[in-house]
Amino acid sequence: MEAGERRGRLRREAAEYYRGHRVPERVEEALNALFPLRPEDLYGELANYLSKFSKAPVICKLVGRKVLDGVGQPTLEVEIYCTIKNYEKRICSTVMATHSQIPENALPETIEAEEKERNDSVHTAVKWVNESLSTMLRDLEPTDQCQADKMLGEYFANKVEEKKEMQKQEEEGEEEVAKITPAPASSPPAPTSRQKKGGKPGKKVSVEEKAIPPAEPAESVLRGSLAIGGASLAIAKAGATISHVPLYLYIARLKHDQELPKKMTLPLPMVTLLNCEKNSPTKLKLVKEVMLIPPVELSLKQGIERVLDIQKEITRLLESPGKLPPNSKRISHLGCLTTGCDNLEQLLLLMQTACKNIGLELGTDMYLAINCAAHELMDYDKGKYEILTGTFKSPDEMVAMYVEMINNFPFIIALIDPLRKEDREQWSSICCALGSKCYLIAEDAATQISKLKADQNINIAMCSGVVLKYINQTKVSDLIELTGILDGQRRITILGSPDGESSDESLVDLAAGLGASLLKLGGLSRGERVAKYNRLLAIEEELAANGALR
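Residues numbered from 1 in each chain as written. Predicted model: local features only at pLDDT ≥ 70, side-chain atom pairs only at ≥ 80, totals over all residues. Heavy atoms only, no water.

1. A few points about the packing of aromatic side chains
How two aromatic rings sit relative to each other is given by the distance of their centres and the angle of their planes.
And step 1. One pass over the full model with this rule turns up 3 aromatic pairs.
And step 2. Between Tyr49 and Phe53, the ring centres sit 6.2 Å apart and the planes meet at 65 degrees, which makes this aromatic pair edge-to-face.
And step 3. In this structure, Lys52 packs its charged tip against the face of Tyr49, placed 4.4 Å from the ring centre.
And step 4. The ring of Tyr81 carries Lys61 above its face, with NZ or CZ at 4.7 Å from the centroid. (Phe/Tyr/Trp six-rings, centres within 6.5 Å; stacked < 30°, edge-to-face > 60°. Lys NZ or Arg CZ within 6 Å of the ring centre and 35° of its normal.)

Next up, the structure:
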């Protein structure tokens, strides 16, 4: 008797519970809606119909782990799990690319210190993700990118303040030690920046020689900052997955306040064909990368095919006896051939010959971009750039040289980092002289994204555009905000791969969704870089099929 009463009470409570959640009404609606269709999988259709009444998915945990990037260096992977219909489900993951600021001719001890710092930074990032960030972001809807990035930004700001406080305490401790420690015997003064070691101390510097602005200190990177960028991008990818749209459309919606553009323009690829190492035995130091940009009238697929034809011909020419040094056959970490030349004309003649041999003309069928990486050329003792072994030019002479170069070779339509960021006066001069003839782009000559947002002058008097890289503490919201600023200033946005690229293809979706003008991905000879070109072609095909490609 008691068991029967208990069952009856449970039935009444269940009926009241289901009525309170309108279950009978919604099941009846579903049955009435599905009966005319007579679906083959009735219960599957019922599940689909009723799923729209379920709670929105929320983040239940983030998982961070140490993985390897495309050149075998440690980096961070972030996985995101959500609670969906009462079940924990893995949604997606992202692998962060890493950017090295070590010059090619760095000392072994510098490289060793950088590798240790990278390992420590990844270890800290994994800890942040698995502990603090996973707890902090729990129960947040992954589609709320704005709130997620706000929380990540505040967390990072707190970490920066903690680091400053620790440094302050260490400095105070060192001062206390210094007070009680006897001062060492005085030593002769160190040579100044204009007085080389071993030089005559009495030698005077010409008063007519124009002093160059000193190099700005390297921008510090907080250990563990990869966790912020990794978490932000993983949340964006999860939001796109849950919304059942590709990541590039999801990013476009975020940028345009959920209004999807009717037509989308994809960025033109800047395909690195040659990597001219500055520490090679050849003389030319002015050029770091030679890149190909297909004409806009070609589809991306046609453009990439044309680049591959030129690459095959360049490879054939470099393999010819007596053409260039043997190291020309090596594939660099940028996914392209490594080569060296003794002068700029030799390099450009090689490009013209390769195109001519397959019936193409530079300036019509294909265009060139040159990454000068001028910050790596400065000899601070001389106050000049070393453009060829033993040949130096002042910042003003560099401007004159570039003007002559573009006048002689008008098929060069972009120069990246033609000067250091400190040479602002010369940036203004070169933009006035060449701004209508080619793009003058700041990459290392710009500054990190967090400072770009605060300093909307891009830290340079004038430039045509900026290469943005998704690294360290960069968040998706940062890129959206900054590309909006650049659009308003009529500057072009270029999204670029860092040196240590990963197999993650999200950069391409970010570029497409943000409306970037150009995409700098490296060459077509490494898997982690080719994967991104394949993704770009897939997006083009999808947009074209949907009639959404401008």
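2. Some thoughts on the packing of helix α7 (residues 247-255) against helix α13 (residues 476-488)
And step 1. The contact between α7 and α13 brings their axes to 10 Å, and the two run at 60 degrees. When you trace α7 past α13, the crossing you get is right-handed. When α7 is examined against α13, the residues Ile251, Leu254 and Lys255 are found in contact with a partner set consisting of Val476, Ile480, Thr483, Gly484 and Asp487.
And step 2. Taken together, the residues of the contact of α7 with α13 sort by class into 4 nonpolar, 2 polar and 2 charged. (Axes fitted to C-alpha atoms, helices over the stretch in contact; angles between N-to-C directions. Helix = DSSP H or I, 4+ residues; strand = E, 2+ residues; numbered from the N terminus. Left-handed = near helix turned anticlockwise from the far one by under 90°. Contact = heavy atoms within 4.5 Å. Nonpolar A, V, L, I, M, F, W, Y, C, P; charged D, E, K, R; others polar.)

3. Observations concerning the sheet that holds strand β8 (residues 378-379)
And step 1. Strand order in the open sheet formed by 3 strands is β8-β9-β10, with antiparallel pairing between adjacent strands. A strand with exactly one partner marks an edge of an open sheet, and here the two such strands are β8 and β10 (391-393).
And step 2. As defined by bridge partners, β8 adjoins strand β9 (residues 384-388) across 2 bridges and the pair is classed as antiparallel. When the bridges of β9 are listed, Met378 appears paired with Tyr385.
And step 3. Helix α10 (residues 395-408) rests against β9 and β10 of the sheet, and its axis sits at about 100 degrees to β10. (Pairing = 2+ DSSP bridges.)

4. Here we look at the sheet that holds strand β2 (residues 74-84)
For sheets, the rule is that strands pair by backbone hydrogen bonds, running either parallel or antiparallel.
And step 1. Across the sheet, which stays open at both edges, the 3 strands sit in the order β1-β2-β3 with antiparallel pairing between neighbours. Each edge of the sheet is formed by a strand with only one pairing partner; in this case those strands are β1 (58-68) and β3 (87-95). When strand polarity is set aside, the average angle formed by the axes of neighbouring strands in this sheet is 25 degrees.
And step 2. Looking at chain direction, β1 and β2 are connected through 10 bridges and run antiparallel. Residue pairing for β2: Lys61 is matched across the bridge by Tyr81.
And step 3. Running at roughly 165 degrees to β1, helix α4 (residues 108-136) makes contact with β1 and β2 of the sheet.

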